[in-house]
Each structure stands twice: as C-alpha cells, then as structure tokens.
Amino acid sequence: MTSLKNLESFTCPLPLRDYRNIVMGHGGGGKLSHDLVQHLFAPLFDNPLLAPLNDQAVFAVNGARLAFTTDSFVVKPIFFPGGNIGDLAVNGTVNDLAMSGATPLYVSAAYILEEGFSLDDLTRVTVSLAKAARRAGVQVATGDTKVVEEGHGDGVYINTAGIGLVPEGVNIGAANARPGDAVILSGAIGLHGIAILSQREGLKFDSEIVSDCAPLYDLVAQMLQVTRDIHTLRDPTRGGMASTLNEIAEAARVGIEIEERAIPVPKDVAAACEMLGLDPLYVANEGKLVAFVPSELASAVLEKMQSHPLGREAAIIGRVVAEHPGMVIARTSIGGTRVVDMMVGEQLPRIC
Amino acid sequence: MQNVDQFRDEKKVRVVLDELARVLTRDWTLMEICGGQTHSIMRYGLDQLLPRQIELVHGPGCPVCVTPLELIDKALVIAARPEVIFTSFGDMLRVPGSTTDLFQVKAHGGDVRIVYSPLDSLQIAREHPDKQIVFFGIGFETTAPANGMAVYQAAREELKNWSMLVSHVRVPPAMSAILEAPENRVRGFLAAGHVCAVMGYWEYEPLAAKYKVPIVVTGFEPLDLANGILAAVRQLEQGRAEVENAYPRAVRREGNQPAQKIIADVFEVCDRKWRGIGEIPESGWRLREAFRAFDAEHRFQVSDLRVSESPQCISGLILQGRKKPNECAAFGKACTPTRPLGATMVSSEGACAAYYRYGRRIGQ
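Residues numbered from 1 in each chain as written. Chains lettered and ligands numbered in written order. Predicted model: local features only at pLDDT ≥ 70, side-chain atom pairs only at ≥ 80, totals over all residues. Heavy atoms only, no water.

Undergrad: How would you sum up the overall build of chain A? Please name residues and give values.
TA: When helices and strands are counted, chain A shows nine helices and 14 strands. By the burial criterion, 55% of the 352 residues in chain A qualify as buried. Considering only residue pairs separated by 6 or more positions, chain A has 83% of its internal contacts joining residues 24 or more positions apart. Of the roughly 14900 Å² of accessible surface on chain A, a fraction of 53% belongs to carbon and sulfur atoms. Between the centroid of the 27 positive side chains of chain A and the centroid of its 40 negative side chains there is a distance of 2 Å. (Helix = DSSP H or I, 4+ residues; strand = E, 2+ residues; numbered from the N terminus. Buried < 20%, exposed > 50% of the residue type's maximum accessible area, 1.4 Å probe, protein only. Contact = heavy atoms within 4.5 Å. Areas by Shrake-Rupley, 256 points an atom, 1.4 Å probe, with all protein chains shown as cover. Lys, Arg positive; Asp, Glu negative; His and termini not counted. Charge placed at Lys NZ, Arg CZ, Asp CG, Glu CD.)

Undergrad: An account of the confidence of the model for chain B is requested, with residue identities and associated values reported.
TA: Taken as a whole, chain B shows an average pLDDT of 91; of its residues, 98% reach a score of 70 or greater. The ipTM assigned to the predicted complex is 0.77, against a pTM of 0.84. (pLDDT = per-residue confidence, 0-100.)

Undergrad: Any chance you could break down the nonpolar core for me, citing the residues and the numbers?
TA: If you look at soluble globular proteins, the nonpolar side chains tend to sit buried side by side. The biggest cluster of nonpolar side chains holds 86 residues, and the ones touching the most others in it are Phe86, Trp162, Phe189, Tyr204 and Ile215 of chain B. Element by element, the count of residues in this core is highest for helix H6 (residues 69-79) of chain B, at six residues. When residues no more than four places from it in sequence are discounted, the contact partners of Tyr204 of chain B are Val171, Pro172, Met175, Val195, Cys196, Ile215 and Val243 of chain B. By size, the runner-up hydrophobic cluster in this structure holds 42 residues, among which are Ile334 of chain A together with Leu223, Ala232 and Val233 of chain B. (Core = buried A, V, L, I, M, F, W, Y, C linked by side-chain atoms within 4.5 Å.)

Undergrad: So what about the pairing of strand S3 (residues 84-88) of chain B? Which residues, and what values?
TA: Residue and element names in this part refer to chain B. Most of S3 is tucked away: five of the five residues are buried. Burial along S3 is two-sided: the face carrying Val84, Phe86 and Ser88 and the face carrying Ile85 and Thr87 are both buried. Relative to strand S5 (residues 132-139), S3 runs parallel, the two sharing four bridges. Across the sheet, the residue bridging to Val84 is Gln132, located in S5. Here S3 pairs with strand S4 (residues 111-114) via four bridges, running parallel. Each bridged residue has a counterpart across the sheet, and for Phe86 the counterpart in S4 is Val112. (Pairing = 2+ DSSP bridges.)

Undergrad: Outline the domain arrangement of chain A, listing residues and values.
TA: All names here are of chain A. Annotation of chain A at the domain level lists domain 1 (1-51), domain 2 (53-169) and domain 3 (174-340). Centre-to-centre separation of domain 2 and domain 3, based on C-alpha positions: 23 Å. At the interface, 28 residues of domain 2 touch 23 residues of domain 3. Together domain 2 and domain 3 conceal approximately 2200 Å² of surface at their shared face, both sides included; 59% is due to carbon and sulfur atoms. Considering only the surface of domain 2 that becomes buried against domain 3, Pro81, Asn95 and Met99 emerge as the three largest contributors, covering 29% of it. Taken together, the connections running from domain 2 to domain 3 amount to one salt bridge. Here Asp55 makes a salt bridge to Arg234, at a shortest N to O gap of 3.7 Å. Counting across the interface, domain 2 meets domain 3 through nine residue pairs in polar contact (both at pLDDT 80 or more). (Domains from an automatic or database assignment. Buried area = accessible area lost by both parts, 1.4 Å probe. Salt bridge = Lys/Arg side-chain N within 4 Å of Asp/Glu carboxyl O. Polar contact = N/O pair within 3.5 Å; in protein donor to acceptor, adjacent residues only side chain to side chain.)

Undergrad: Quick rundown of the domain arrangement of chain B? Include the residues and the values.
TA: Residue and element names in this part refer to chain B. When the domains of chain B are assigned, the result is domain 1 (2-62 + 171-245), domain 2 (65-168 + 255-299) and domain 3 (315-359). Distance between the C-alpha centres of domain 1 and domain 3: 21 Å. Counting residues at the interface gives 19 residues for domain 1, matched by 17 residues for domain 3. In terms of surface lost to domain 3, no three residues of domain 1 exceed His39, Met42 and His58, which account for 43% of the buried area on that side. Taken together, the connections running from domain 1 to domain 3 amount to two salt bridges. Two residues, Glu183 and Arg322, come together in a salt bridge whose shortest N-O distance is 3.5 Å. Run the count over domain 1 and domain 3 and you get five residue pairs in polar contact (both at pLDDT 80 or more).

Undergrad: Break down the sheet that holds strand S1 (residues 57-61) of chain A for me, citing the residues and quoting the values.
TA: All names here are of chain A. The strand order across the open sheet built from five strands is S1-S2-S7-S5-S6, with neighbouring strands paired in mixed fashion. Of all the strands in the sheet, the pair left with one neighbour each is S1 and strand S6 (139-148). Strand-to-strand twist of the sheet, defined as the mean angle between neighbouring strand axes without regard to direction, takes the value 20°. Both S1 and strand S2 (residues 64-73) contribute to a ladder of five bridges, which runs antiparallel. Within S2, the residue paired with Ala57 across the bridge is Phe68. Contacts between helix H4 (residues 119-136) and the sheet are confined to strand S5 (103-114), S6 and strand S7 (156-165), with S5 contributing the most and set at about 170° to the helix. (Axes fitted to C-alpha atoms, helices over the stretch in contact; angles between N-to-C directions.)

Undergrad: Got a sec to walk through the packing of aromatic side chains? Specific residues and values, please.
TA: Taken as a whole and judged by the stated rule, the model has seven aromatic pairs over all chains. Ring plane angle 70° and centroid distance 6.4 Å describe the contact between Phe220 of chain B and Tyr247 of chain B, whose orientation is recorded as edge-to-face. A residue pair is termed long-range when its members are at least 10 positions apart, and Phe220 of chain B in the loop between strand S8 (215-218) and helix H13 (222-237) and Tyr247 of chain B in the loop between strand S9 (243-245) and helix H14 (257-266) qualify at 27 residues. Note on accessibility: Phe220 of chain B and Tyr247 of chain B belong to one class, buried. Taking the centre distance of 6.3 Å and the plane angle of 70° together, the rings of Phe331 of chain B and Tyr356 of chain B count as edge-to-face. With Phe331 of chain B in the loop between helix H16 (315-319) and helix H17 (351-359) and Tyr356 of chain B in helix H17, the pair connects residues that are 25 residues apart, well separated along the chain. Under the relative-accessibility criterion, Tyr356 of chain B is labelled buried at 11%. Here the guanidinium or amino end of Arg124 of chain A rests over the ring plane of Phe79 of chain A, the centre of that ring lying 3.8 Å away. Over the ring of Phe7 of chain B we find Arg249 of chain B; its NZ or CZ atom is 3.6 Å from the centre of that ring. (Phe/Tyr/Trp six-rings, centres within 6.5 Å; stacked < 30°, edge-to-face > 60°. Lys NZ or Arg CZ within 6 Å of the ring centre and 35° of its normal.)

Now the structure itself:
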C-alpha cells in the first residue's frame, strides 16, 4: 500500500506529463484514458481489488461474492435512435456487473441536472431508466439529485453504481485469458457509436442506424449454463473492440489474433465508417460482449449464444496465442496481417 | 458496400500479384504519392504480400504533414483569441506546433471545433455574427474545390466574420522536386487517384516524358493498389514511361472541370514551403487578390513567431521517400501517436502513423 507520506509527494508521472490539462481523449476509452487510470488513479488508490483494472471489483462479504461497479453517463445527444441516457445508465452498469458473471441486484441513480433542463425530458429519461431497471431485474435502491447553474452541464448527467452476486465457481477476469482460448463476439459491432454520431452530425443512411444498447446479463447467464469455465468477458464500449482486446492482451500477457472477415459489421455501419474515415473496430458498442473460453468449449458456448436474441449473430473471431504478449494482430481481408492498436486520443463526440 | 468489398478480395488481389511475380525480372522502387494509399497498404498488409524485389517508398501526399510549422503556429495563436471560433478538419487538432497543439488550445478554453466540410464552417459563421470564424484550409487538389467554394459563397453572402487560413499544395511540383533530388531512387509513381479525379492526369504527361518515369493513376483499395503496382512494373520492365490510368472508375484524363474552374477562380499558384522539405516553386495555391479579404493571415496579423522543429524528427526525409519511418531513432520510442514529434506521426495519412498503427512487428 502507498503510505501517506508517498501520497503527499506524489507528482504527475510520465507519460501524463505531456498534458498539463485534461483533453477530451482522456475520456475516450483509448490510450489516454488508459494512461490516466494506470498512472494516476491506480497508484493513488492502490489496492488489490482495483489493481486488475476490471470493469468491476469482486469481493467476499460473509461468504457471498459480490460484484461492485460505477459508471457516469454524459452522452450527447441525450436522446438517440435506440435509447437515451436513462436506459444507457442502467444497461452500462448492469453490463459491467454481468462481465464478472454476476447477477445484477441493485443500482443507484445520481442525477446532475442543469438549470433550465426541461422537466418533460427529465421524465422521459427517468421513465426509460425505470423500464431498463425492470428489464434487467434490478431495483434502483438509492439515488441523489444535484442542480448546477446554466452553462455548467449539458442538461443531464447520470451516475449509476451497481451491486451484483457472483455465482460460486465463477471466476471471470481480463487477466484469465489463456493461450488456446477462442475469442467469441456476441454480434455486429459499431451500432451505438454510429447511431450517436449520425444523430449528432445529421448523417442520413438508407435505414436509421439504431443503438444496440441492451442488458447482457441474461445472455451471460445462458453462457454460464454451458460452462462456469469462462475465462474473460468484456463489453467493448468506448474505444471499441480494438481497445478492449488490447486491454485483455495486456492484462493476461497473451497475444490475440483475430480474423477481420469473421467480425460482423452491419452494411450501414460499414458505409458510415467509410465515409467518416473510421475503423469499426474502434467504434463503441453498448449491447455486445466478447468472451474468451477454452477452445474445446467454444462451439457449445457459441451455439447457446446464437439461440439467445442478443447473440444471434455471435461468431468466433479469433484465438489467444502465447506469442507477442500484449499485442493484437488481425488477419486482413486480403490475407495480410496488421497490428490492431489501442485507440489513440478521441475525435468522436461523447458516446456514453 | 458490396462494391467496395470486391476491391478487398483476397483471391482477386492474389491473381494480380501472381501476374506481377510473372513479369518481374529485377528490383524496382516505386513511390505511392498519397498518404491514404500508404495507410491502405499498411492497413491491409499489402506490403507483406508483394514480391521482395518491389520496394514501396512513401510519398509526401499527406496535407497535414506538409503544412508548414509557421502556419500551424499562426493557427494556434489565432485559435486562442477570445473572439475566434477556429474550425478545422479533425486531423489538424493533434499536429504539434512549436510548443502546443489545437487540442491543448481547446483545453485552455479556445473555441476549436471539428468540421467535416468548410461549408459547415460557413454555417457556424452565419449562426455567430458576433464571432470571427476561421477555417483551416489545408490540403491538396482534393480539398481545394470545396474550400474554394466556401470562399466563393462567403464572398457572395458578404460574410464579414469568416476567413480561411490557407495552406493549399499541389502534387506535380512536388513530384518534380523528388525526381530532381540527386539521391532520388524512385523509378515509378503511383499517382494519387483522388487528386486525379479532380485535376485529371494531363498535368503528369510532361513529367513522365521529361523524367522518363511511369506514372500510374492509382486508387486506394488493396486491389487498386495491386493493379497500380503491376501497371508501373510492366512499363518499367518494357522500358516504357507513360501516364496510365489504373483507376478508370473514378478518373478521366480531363478531370472534373467544374471543380477545376472553382479552383482557378478563387486561387492563384504561388511558391509554398512544405514542412520538412522546404520551399518548392509553384507548389501552392493562395487566394486571389479579389478574395484577399477572406484570408485569415491578412485579417489577423500574427508576427514575431519563433518556430522550432524537434531536432530528432526526420519527417522531411520520410516525406521525400529517402527514409522509412522505422529507420528513425525516435520512432515508437520518443515519438508515438500520443506524443508525436512530427506531423507524420499524427495524421491518419502520415507514414509514421501508418507504420506505428498497423506495422509494428513483434519485438519492435
């Protein structure tokens, strides 16, 4: 543990010193966010629950293993095709719990409201939040409301925290991925990020691109029925698949190889990405997960996922290797290979 | 998307590469002009699939990379002014000036906004009559027509609060400069398909004749690039040096004439300094006298700037195809996309960024 003396003499470490102020990229879920957590927060909060940098902490209380997580939601626009900040605030948090295999039980909801924000909009957001909680099987057990002056917020920000119960025999974490594991993706990528972007930038496509925002616990529960030996689960939100896979490769000190052609990308998402110069691997999702499972269990888990409405397009997209630890390599559509790096910086509007 | 997918098909690319292997008898060094092509080559790993005898060197066709440091420093000073809303394509925001970048200016309270089109910048000007809106007008022949159109519209609407910081550059004079350099190794060019979609390729015919180099108009998908390389090698092996169009689905010899007319109406040719390379005669465009009122350099008199490049950065040699990014001592160590020393590590079209992002190999 860091002693109090050390805390007082703590100075901003490299590579954070390159920035004297927070820039948008520090919240983008890519390299800058990662550096901020790893070099500033983690060393100062220094404890074994935080250290693995999973999306949730898992600890035992009187014999029960609990998962605990928190997330803040600052999405702009507040209303987007397929959802709004209210259901996003529940789904984001219950998904972080579900990625440990936990059954979500309770969430909190803390609102930061801007002076002048419409009560009608607040009602719409809260109705969605309540419905999403019911759908996910959680109760909003506590909450808070604060109001800030006009110009000091974007209408509404919501923070949620959540508690869930981890079943016995389940031990899921980013560091548990092992060479030989199959990498399974639960469905098509890029929908949430492009839905937000197209709404915000006024882009039009053949059909409206709708966010995939959804609670994933039920899908995870089905997967756990096949086996409790799921090594790693993550929902690739900000920073997209690329950043999530890099985090796992780093945490488990393994290499990951993916087959680009195996990754489902909806036609409209692909077209939007072409137009905007984005790589779908870096675009956010809010209702997808990647699972790392021992290869001999992969087809059974995949089959179960495909029978669930949120996993219909699930596919095995790659495997874990012992070579090039910490690095993600993609085999491209023409048969070449490339490095898939963590997202650098941020050029997109806020997406969650 | 089906249309694009056929140009990313392994079997089709393989057929072209097999033919390439068949016609090839010796080593050849080719340059792809455009940074977009460099990225595509690295993104799809095409470089790994080419016969060893083919060396691709990466050209100066990255507008963000060649924008002179003096102008970036000017942009930073203008963007920090309280009355200014500074609008730019996203790529420019992270390009390092002498001491800072536009992201940092934004973090310190400057109003810096990403736009997807110069016309969006005009719209901001209409909505904020009390502010001065500046658009960072950079790019090659590809962005010039839209930027020219924005100036034209601003003039027609008599917008008093909009101006453009201009750093337009032209490809053909840069190709001459590369070919004139005593250490030049380039034997053939893949010309930038999108530049040619605007300008056509008649401009390149005197170059091919004078310097005896094949110039093949080439697209950006892996199959386009493979076809461009095959066409250039075939010419070299047969001792020909012609301008050839390997991107006929987008390019005609005469180009897009209405777009050329807008450029000619709004801009005039000028000498232009290229970052890392130096001044190249007649390689730029500036606003004509009639539109000078919309030139941000005139509107905001910024002087007394002292520019300083990183002494470690070799982006000039990289932009001329004389060095590869991984031959730089700072590459991936002192210089990364989060801590770039030079613009080639920043832009989505920069060669160093392409090498870093896609090409780092195990052990590097």
